Every structure is written in structure tokens, then in C-alpha cells.
Amino acid sequence: MTTNQNQNNNHSSETSPLLASGHSQDAEDQTPRESNPKVRGVVWGALTVVFVTAIVLLVGFQRIFGDAFAPWLGILPSDPMLAALVILDQAPVIDGHIDLPILARMKYANNVSAIDMESDLPMHVDIPRLRKGKVGGFFWSTYVSCPNPDAAGKNFLGASWRVRDTLEQIDISKLLIAKYPDTFSLSLTAEDIETAIAGGKIASLLGVEGGHQLGNSIAVLRQYHALGVRYVTLTHMCHNAFADSCGYYPGMIPLHGGLSSLGRSLIDEMNRLGVLVDLSHTSDATATQALLHSKAPVIWSHSSARAVHDVPRNVPDDVLKLIGRGKGLTDAVVMVNFAPFFVAVPGNATVDAVADHVDHIAKVAGKEHVGLGSDFDGIADVPVGLEDVSKYPALISNLYQRGWNKYELAGLTGANLLRVLKGAEKVAQDLQAAKTAPVVDLYHKRKDIPAYHEDL
């Protein structure tokens, strides 16, 4: 050994306590010695006293000492808000429906250069508030409104530019995601979501909010999927060629009595591709028929409980009872909407009222079938206590006080949605492995293309 090596070795010994205890400068002192039983007993006794004292302090004086040390002991703080923050650190929110793209369209004309997401944006969503609210992912709703009925015509054949407009909304969503690569990560699969969250990014998924945005064409669905869309809401506030809507107010007159035959074909192709069937905005008949027809799990991306507040947009108990993982049931997640009109009578929409919807859906369908779909940036008003994306911890705190445990809350914030998405991906993989052919059904009222080969 060289002199330098000797010096390095001695330096290492002097600065590493676990190593230093076994070395001495005198050769004769390197002979192993038996430890003194009395000293060993004193040391272990002292350590035991310290340990027991710490436990007594934490148990007997938990309010004083517990919250500071709770995370180190694997327990939740007694303070509900601190507990919520600990849970959200491990299981951040994956929101099923945020309307940031329509804000970009209506306020900024989809000019990505004019949108500074690191500043305080005018509605409910920006990067600082997403971080504060412990958001791990969300679906960017590429929504455009229902067409003018006079322009579209009773058979939905009039040109409405809704496919063009949807492509523009997909475009602005992807441009914003790409503009902030340290924050957002375009996610196409459940694995992508988990990878993004593990890397400290916000998983960004795309959803299309209404079958009217498909232009009566299942082929358009395939192209949306190729662009990254991972759910399609069967209807918005209007009926379309595929399905009946619930409208906004009671009394919407059905057109198809639920799903049309083309609507069933649309679901078949969504199942084959791995695009989630979203039943928000649909009529009760549409939702029931879709649950029974779909081979894959489904979602309500932003809907609440009708038994808590009776409006058509909320899900009734008889439909909730069709949800589950047992025989004759369909796996699903109902992601609770924060829009005050869907939450409570005017003036009563609060974080507590939103929690009532979560609790009710959990009671009827099960806690593994409820999630969060705020509708932020798509609503003009907000509940008291849930004013923007920074406020999710207030809802988790509320439910924690109601007795929800950390595993149930982790399901609510995102794990339930991930399970459903993985289920839809598995169905798609199985159908594609079985060489299931693409659905090529055409809307029978179209006149611009022959319905059958023999018509050519």
C-alpha cells in the first residue's frame, strides 16, 4: 500500500463512524476484544427507555407531538388537512374533466403564445394552482358546443364544422402540453399516467365531450384515437346520430330511446380501440343500455348523484346499482362534478355538499366506483371551499373526517380511474389479439357515400 493510500484509508476511518470504531493506531490494539456485558446492558437499557418514552409521548400526547412525526411512523396526522396533504402526496388527484382547452379557445383564440400557464389565469386552472392542489393528472376536455339545430338539420347532416373545431381543440391541448414539458406529460395509457406521476409531472389525457363532435362517423373516432383521445362522451346537451342526451333541464324528448344501432356500433369500436365510453350528459336509457352493451369498463367523467340533488345531469340510483365487478354488473367510475347547478339548490353548493355526492355514490355503487371530475374552467360558478384546482385537499380533508381511510381516498383521487382504464386497455388488447375487425358501419341517413358496396 502506498503512503497516499494509507492516508486515504485513515481519513476514511476517521470520517465514517461505523468504520472508525474498529480501528486503532496501535497494532496490538487491533486484537478482537469481548464487549463488556455491563456496558452492553446499560446501552440497551437506555435505548429501550428512549424508545418507550417516544411511544408514550406520541400516543399520550398525539395532539402535541403526533403530527410532526406521524409521516415518519407511517401513520396519518390527526389534523384532517395535514392528513389530506399526506395522502395526496402519495395519491395525487387525477381529474376526469377539466375544460382548459375551451378557455384557450374563447379567451385566447387558441394562440398558445398568449397563454402563460405559469401565471394566474382568469378561471380555475394554472400550473401554480395545479401544484398546490396536488394534481397528478387530468383529462383535457376538447369540447366544442352542440351545433345550431337549424344548421345541423333533424338528421344531423348539415355542415357544422364540429370535427374541424374538435381538431383545433386537440391541437391547442397538445401545444400547451408541449409548451410546458417539465410540468405536463401527454399520456396515452394507464402506465403513462403512473410514469408521469412518478416523475413529478402532471399526466395529460385527451377527452372528446360529445358524439356530435364525431360528424356521424366512426372513422372519425379512429382518427381521434390516433391523435391521443382516450375517452368520448356519447352525448353533450343535444341528441346526435349515436345516442340520446339528458339535456340540461327535465323533459328532454328522446330521439332513439337510448342508443341508436349506430351508437352500439360506436361502443363496439371504442372497446376495440381502448377508448373509454363516457356516460356523462347521456339520458338514463342511454346510460343503462351502454352499461349493458359495453364489453369494457365505462366512466362518467363529470357527473354527480341525482338522489342528492335532482337534476337530469346526475346519475340516478337505479343506474348506479348496475355498476360493480360482480356477475351482471359493469365496472365503472362516476367522477363527481363540482358545478353548483348539479351539486345543490342555489346558494347551497359547498365542499360539504360535494362530499355528500361522493358519499352517496360510494354507498350505492361502492367506494371503488367513485372519482373526481370537477368541470373546472367549464363552469361559471364554483362551490364554496372548492374555488379552483388548488382546493382538492379541502374535499379530501372533509371525507377523511367522515371516516374514509387512506386507501379509499387514494381510490377516489385516482386509483379507481386507473383500474377502469386498465380494464378498457385489457379488453382492447384481447379484441385486437382475436383479430376483431374494425367497425365500418355508416350512418344510414348519409347521402354523400354509398351504404353498401353494391351501390357503387
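About the criteria used
Residues numbered from 1 in each chain as written. Predicted model: local features only at pLDDT ≥ 70, side-chain atom pairs only at ≥ 80, totals over all residues. Heavy atoms only, no water. Salt bridge = Lys/Arg side-chain N within 4 Å of Asp/Glu carboxyl O. Helix = DSSP H or I, 4+ residues; strand = E, 2+ residues; numbered from the N terminus. Buried < 20%, exposed > 50% of the residue type's maximum accessible area, 1.4 Å probe, protein only. Disulfide = S-S within 2.5 Å. Axes fitted to C-alpha atoms, helices over the stretch in contact; angles between N-to-C directions. Parallel < 35°, antiparallel > 145°, perpendicular 65-115°, else oblique. Left-handed = near helix turned anticlockwise from the far one by under 90°. Contact = heavy atoms within 4.5 Å. Expected span 1.5 Å × (residues − 1). Bend = angle between axes of the 7 residues up to and from the residue. Polar contact = N/O pair within 3.5 Å; in protein donor to acceptor, adjacent residues only side chain to side chain. Phe/Tyr/Trp six-rings, centres within 6.5 Å; stacked < 30°, edge-to-face > 60°. Core = buried A, V, L, I, M, F, W, Y, C linked by side-chain atoms within 4.5 Å. Patch = residues over 30% accessible without salt bridge, like charges linked within 9 Å, V, L, I, M, F, W, Y side chains within 5 Å. Areas by Shrake-Rupley, 256 points an atom, 1.4 Å probe, with all protein chains shown as cover.

## Quick look at the pattern of salt bridges
Opposite charge on two side chains lets them pair, provided their charged atoms get close. Counted under the stated rule, the structure contains 20 salt bridges. In this structure, Asp356 and Arg402 form a salt bridge, with 3.0 Å as the shortest nitrogen-oxygen distance. A residue pair is termed long-range when its members are at least 10 positions apart, and Asp356 in helix 16 (residues 351–365) and Arg402 in the loop between helix 17 (392–401) and helix 18 (406–433) qualify at 46 residues. We classify Arg402 as partly exposed; its relative accessible area is 31%.

## Notes on the state of the cysteines
Under the counting rule described, the total for this entry stands at 1 disulfide. The disulfide bridge from Cys146 ends at Cys238, spanning 2.1 Å between sulfur atoms. One disulfide, between Cys146 and Cys238, carries an S-S torsion of -85° and so falls in the left-handed class. Of this pair, Cys146 sits in the loop between strand 2 (135–141) and helix 8 (149–152) while Cys238 is found in the loop between strand 5 (229–233) and helix 12 (261–273), placing the two residues 92 residues apart along the sequence. For the pair Cys146 and Cys238, one class covers both residues: buried.

## Quick word on the packing of helix 16 against helix 17
One way to put it is that helix 16 packs onto helix 17 with a least axis distance of 10 Å and a crossing angle of 60°. As far as their axial angle goes, helix 17 and helix 16 are oblique. Regarding helix 16 and helix 17, the two cross each other, and that crossing is right-handed. Counting all contacts with helix 16, which are made through Val351, Asp352, Val354, Ala355, Val358 and Asp359, the residues of helix 17 involved are Ala394, Leu395, Asn398 and Leu399.

## Details of helix 18
For helix 18, with 28 residues, the first-to-last C-alpha span of 37 Å sits near the 40 Å given by 1.5 Å per residue. Its axis deflected by about 65° at Leu412, helix 18 carries its strongest bend there. The distance from a side-chain oxygen at the start of helix 18 to the backbone nitrogen of Tyr407 is 2.9 Å, and the residue carrying that oxygen is Asn405. Lys435 occupies a position one or two residues after helix 18 and carries a positive phi of about 60°.

## Things to note about the packing of aromatic side chains
Applying the stated criterion to the full structure yields 13 aromatic pairs. On the basis of an interplanar angle of 45° and a centroid distance of 4.6 Å, the ring pair of Phe139 and Tyr231 is categorised as tilted. Linking Phe139 in strand 2 with Tyr231 in strand 5, this pair joins segments that are 92 residues apart in sequence. Overall, Tyr231 belongs to the buried group, its relative accessible area being 1%.

## A short note on the nonpolar core
Counting 95 residues, the largest nonpolar core has Met117, Phe184, Leu234 and Trp300 as its most contacted members. Broken down by element, the residue count for this core peaks at 8 residues, all from helix 16. Residues contacting Phe184, with those up to four places away along its chain left out, are Met117, Ile127, Leu130, Phe138, Trp140, Leu176, Ile177, Lys201, Ile202 and Ser204. The next biggest cluster of nonpolar side chains, apart from the first, holds 20 residues, and it includes Ala190, Leu276, Val333 and Met335.

## Focus: the environment of Arg129
Assignment of secondary structure puts Arg129 in helix 7 (residues 127–132). Placed 262 residues apart in sequence, Arg129 and Lys391 show a C-alpha to C-alpha distance of 8.5 Å. Excluding its chain neighbours within four sequence positions, the residues that come into contact with Arg129 are Asp120, Leu121, Met123, His124, Asp388, Val389 and Ser390.

## A word on helix 12
In a regular helix each residue adds 1.5 Å, so 13 residues correspond to 18 Å; helix 12 covers 19 Å between its end C-alpha atoms and thus fits that length. Counting buried positions along helix 12 gives 10 out of 13 residues, so the element sits mostly inside the fold. For helix 12, the secondary structure elements touched by its buried residues are helix 11 (218–227), strand 5, strand 6 (276–278), helix 13 (284–293) and helix 18.

## With respect to the environment of Arg105
Considering the arrangement of structural elements, one finds Arg105 in helix 6 (residues 100–108). Once the C-alpha coordinates of Arg105 and Asp165 are considered, the two residues, 60 residues apart in sequence, prove to be 9.8 Å apart. Not counting residues within four places of it along the chain, the set of residues in contact with Arg105 comprises Asn110, Asp165, Glu168 and Gln169.

## Regarding a nonpolar patch on the surface
On the surface, a cluster of nonpolar side chains totalling about 420 Å² of accessible area is made up of Val39, Val43, Trp44 and Leu47. Residue Val39 is classed as partly exposed on the basis of its relative accessible area, which comes to 48%.

## Topic: unusual backbone geometry
Trans peptide bonds make up most of the peptide bonds, and negative phi angles are found at most residues other than glycine. Here Asp375, not a glycine, exhibits a phi torsion of approximately 75°, which is positive. By the secondary structure assignment, Asp375 is in the loop between strand 9 (370–372) and helix 17. For Lys435, which is not a glycine, the phi torsion comes out positive at approximately 60°. Along the chain, Lys435 turns up in the segment after helix 18.

## A short note on the packing of helix 5 (residues 80–90) against helix 17
Relative orientation of the contacting elements helix 5 and helix 17 amounts to 115°, with a least axis distance of 8 Å. Judged on the interaxial angle alone, helix 17 and helix 5 are roughly perpendicular. Once helix 5 is placed against helix 17, the crossing between them reads as right-handed. Residues Pro80, Met81, Ala83, Ala84, Leu85 and Leu88 of helix 5 touch helix 17, and the partners they reach there are Pro393, Ala394, Ile396, Ser397, Tyr400 and Gln401.

## As for the side chain of Thr282
Take Thr282: it is sitting in the loop between strand 6 and helix 13. Of note is the side chain of Thr282, whose polar atom sits 2.7 Å from the backbone oxygen of Leu279.

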